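A look at the structure
Take a look at the letters that make up each chain.
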Amino acid sequence: MVLSGCKELEPEMEKEKEKALKHFPPYGSINATCASDTCPTCRGTGRIPRDHEDQLVAVIPCNDVRLKPRRTKLYVLISMALCLLVCCLVLFFLFPRSITLTPVSVLSVMVYFSPDSVDLQVTNLINITNENFVPVNIVDFSIQGVISKAVIGKTKISNLGAIQSRSQSSYAIKTDLPISDPGLNVYCKSNTIKIHILFLELQMTMNVSYLSHTEQLSVDAFEYVDCGTNSTIPHPVS
């Protein structure tokens, strides 16, 4: 009797299953007329267990407009143009530009006499121009004086600071030049000679750092100074 009862229930279950399938379109179609497979999520019953809600499968018809975006080529071209513009702006602002070291003038010359030498303290005005769009840090600055191909003094400064972008800074640099050559001592200390002009060559070297690299600048300047008295007046440097 149990077996016969189960056989009677099977046709009723099949009918209920067919009714459920009529209300839910087959998997992969938008209507129930075309041939298709049973939905793998609900297994053709139209219902899913509560513990399988995160396994839902969304079925989108092939004629859905969301699958065919419009103006794709236009959006791609606009994106490429924006990327090219950004790259050009980055190269324009970060491309290394020139840094110029320019001697301007002799501000003063102080003369000190000693038994064995003549000490000169020459103060020069220099300009440093930064054409970059980023600040430039001055690592060190050195200057040495040369008279008659002989180096008579050298000064090195390591705390000149930084130069802001697209700007110019002026610095007064003092250089001590002790002259120990006997001939030049006689020339500078002589009372019979009215003119005590020396032709001085200044060799300037500056190391700067910017944009993660270091650069060295060099320039030579020529000027005349009076080694007899403190009579040298400010004048431009050639």
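Residues numbered from 1 in each chain as written. Predicted model: local features only at pLDDT ≥ 70, side-chain atom pairs only at ≥ 80, totals over all residues. Heavy atoms only, no water.

1. What about the packing of aromatic side chains?
Stated formally: When the centres of two rings from Phe, Tyr and Trp lie within 6.5 Å, Trp using its six-membered ring, the rings pair. Their planes under 30 degrees apart give stacked, over 60 give edge-to-face, and anything left gives tilted. Put simply, DSSP H or I for four residues or longer makes a helix, DSSP E for two residues or longer makes a strand, and each gets a number counted from the N terminus. The buried label applies to any residue whose accessible area, calculated with a 1.4 Å probe on protein chains only, is under 20% of its type's maximum; exposed applies above 50%, and partly exposed to all values in between.
Applying the stated criterion across every chain, the model contains 4 aromatic pairs. Consider the rings of Phe-92 and Phe-133, whose centres lie 5.6 Å apart with planes at 45°: the pair is tilted. Taken together, the residues Phe-92 in helix α2 (residues 72–94) and Phe-133 in the loop between β2 (118–130) and β3 (136–147) connect sequence positions 41 residues apart. Take Phe-92: its relative accessible area is 45%, and that puts it in the partly exposed class. Residue class for Phe-133 comes out partly exposed when judged on its relative accessible area of 31%. Ring plane angle 10° and centroid distance 5.8 Å describe the contact between Phe-199 and Phe-222, whose orientation is recorded as stacked. Note that Phe-199 is positioned in strand β7 (residues 197–210) and Phe-222 in strand β8 (residues 213–226), a separation of 23 residues in sequence. On the accessibility criterion, Phe-222 (31% relative accessible area) is partly exposed.

2. Some remarks on the nonpolar core
The following threshold applies: By nonpolar core we mean a set of buried residues, namely Ala, Val, Leu, Ile, Met, Phe, Trp, Tyr and Cys, connected to one another through side-chain atoms within 4.5 Å. Two residues form a contact once any of their heavy atoms are found within 4.5 Å.
Judged by nonpolar contacts, the single largest core of 38 residues is most densely connected at Leu-120, Phe-141 and Leu-198. For this core, the elements supplying multiple residues, two or more each, are β1 (99–113), β2, β3, β4 (150–157), β6 (167–179), α3 (182–189), β7 and β8. Beyond its immediate chain neighbours, meaning those up to four positions away, Leu-120 contacts Val-109, Met-110, Val-111, Thr-175, Asp-176, Leu-177, Ile-179, Leu-198, Val-225 and Cys-227.

3. Examining the sheet that holds β2
To keep it simple, the criterion reads: In this analysis, strands are considered paired if DSSP registers two or more bridges between them. Every axis in this analysis is a line fitted to C-alpha atoms, fitted for helices over the stretch in contact. Angles between the N-to-C directions lie between 0 and 180 degrees.
Spatially, β6-β2-β1-β9 is the arrangement adopted by the 4 strands of the open sheet, whose pairing is antiparallel. The open sheet is flanked by β6 and β9 (235–236), the only strands paired with a single partner. Of the strands in this sheet, β1, β2 and β6 touch α3, which is tilted by about 95° from β2.

4. A few points about the state of the cysteines
Heads up, the rule is: The rule for a disulfide is simple: a pair of cysteine sulfur atoms within 2.5 Å.
Taken as a whole and judged by the stated rule, the model has 1 disulfide. Cys-188 shares a disulfide with Cys-227; S-S distance 2.1 Å. For the disulfide bridge between Cys-188 and Cys-227, the dihedral angle about the S-S bond is near -95°, and by the sign convention the bridge is left-handed. In this pair, Cys-188 is assigned in helix α3 and Cys-227 in the loop between β8 and β9, connecting sequence segments 39 residues apart. In this structure, Cys-188 and Cys-227 share a single accessibility class: buried. No disulfide involves Cys-83; its nearest neighbouring cysteine sulfur is the one of Cys-87, lying 6.6 Å away. Using a relative accessible area of 47% as the deciding quantity, one classes Cys-87 as partly exposed.

5. Focus: the UniProt feature "transmembrane region" (unreviewed entry) in the chain
Condition: UniProt positions are given in the numbering used here, feature names are shortened, and annotations may be inferred rather than shown by experiment.
Mapped onto this structure's residue numbering, the UniProt feature "transmembrane region" (unreviewed entry) falls at residues 74–95. Structurally, residues 74–95 is divided into 95% helix and 0% strand, and its ends, taken at the C-alpha atoms, are 31 Å apart.

6. Remarks on unusual backbone geometry
With a phi angle near 50°, Arg-166 is a residue other than glycine that sits in the positive phi range. Relative to the helices and strands, Arg-166 is located in the loop between β5 (162–163) and β6. For Ser-212, which is not glycine, the phi torsion reads 65° and is therefore positive. With respect to the helices and strands, the residue Ser-212 is situated in the loop between β7 and β8.

7. Some remarks on the environment of Phe-133
Considering only alpha carbons, one finds Phe-133 and Ser-167, 34 residues apart in sequence, at a separation of 9.4 Å. If sequence neighbours within four positions are ignored, Phe-133 has contacts with Phe-92, Phe-93, Arg-97, Ser-165 and Arg-166.

8. Points about α3
Each full turn of the α-helix corresponds to 3.6 residues, which orients residues three or four apart in the same direction. How we decide: The directions from the helix axis to the C-beta atoms are what the arc is built from. Polar contact criterion, stated in full: a pair of N or O atoms within 3.5 Å, where within protein one must be able to donate a hydrogen and the other to accept it, and residues adjacent in sequence count only if both atoms are side-chain atoms.
Those residues of α3 not exposed but buried are Leu-184, Asn-185 and Cys-188. On an axial view of α3, the arc spanned by its buried residues comes to 105°, and they lie on one face. Those residues of α3 that are exposed and aimed more than 90 degrees away from the buried face are Pro-182 and Val-186. Where the residues of α3 are buried, they touch β1, β2, β3, β6 and β7. The opening residue of α3 is Asp-181, an N-cap whose side-chain oxygen sits 3.1 Å from the backbone nitrogen of Gly-183.

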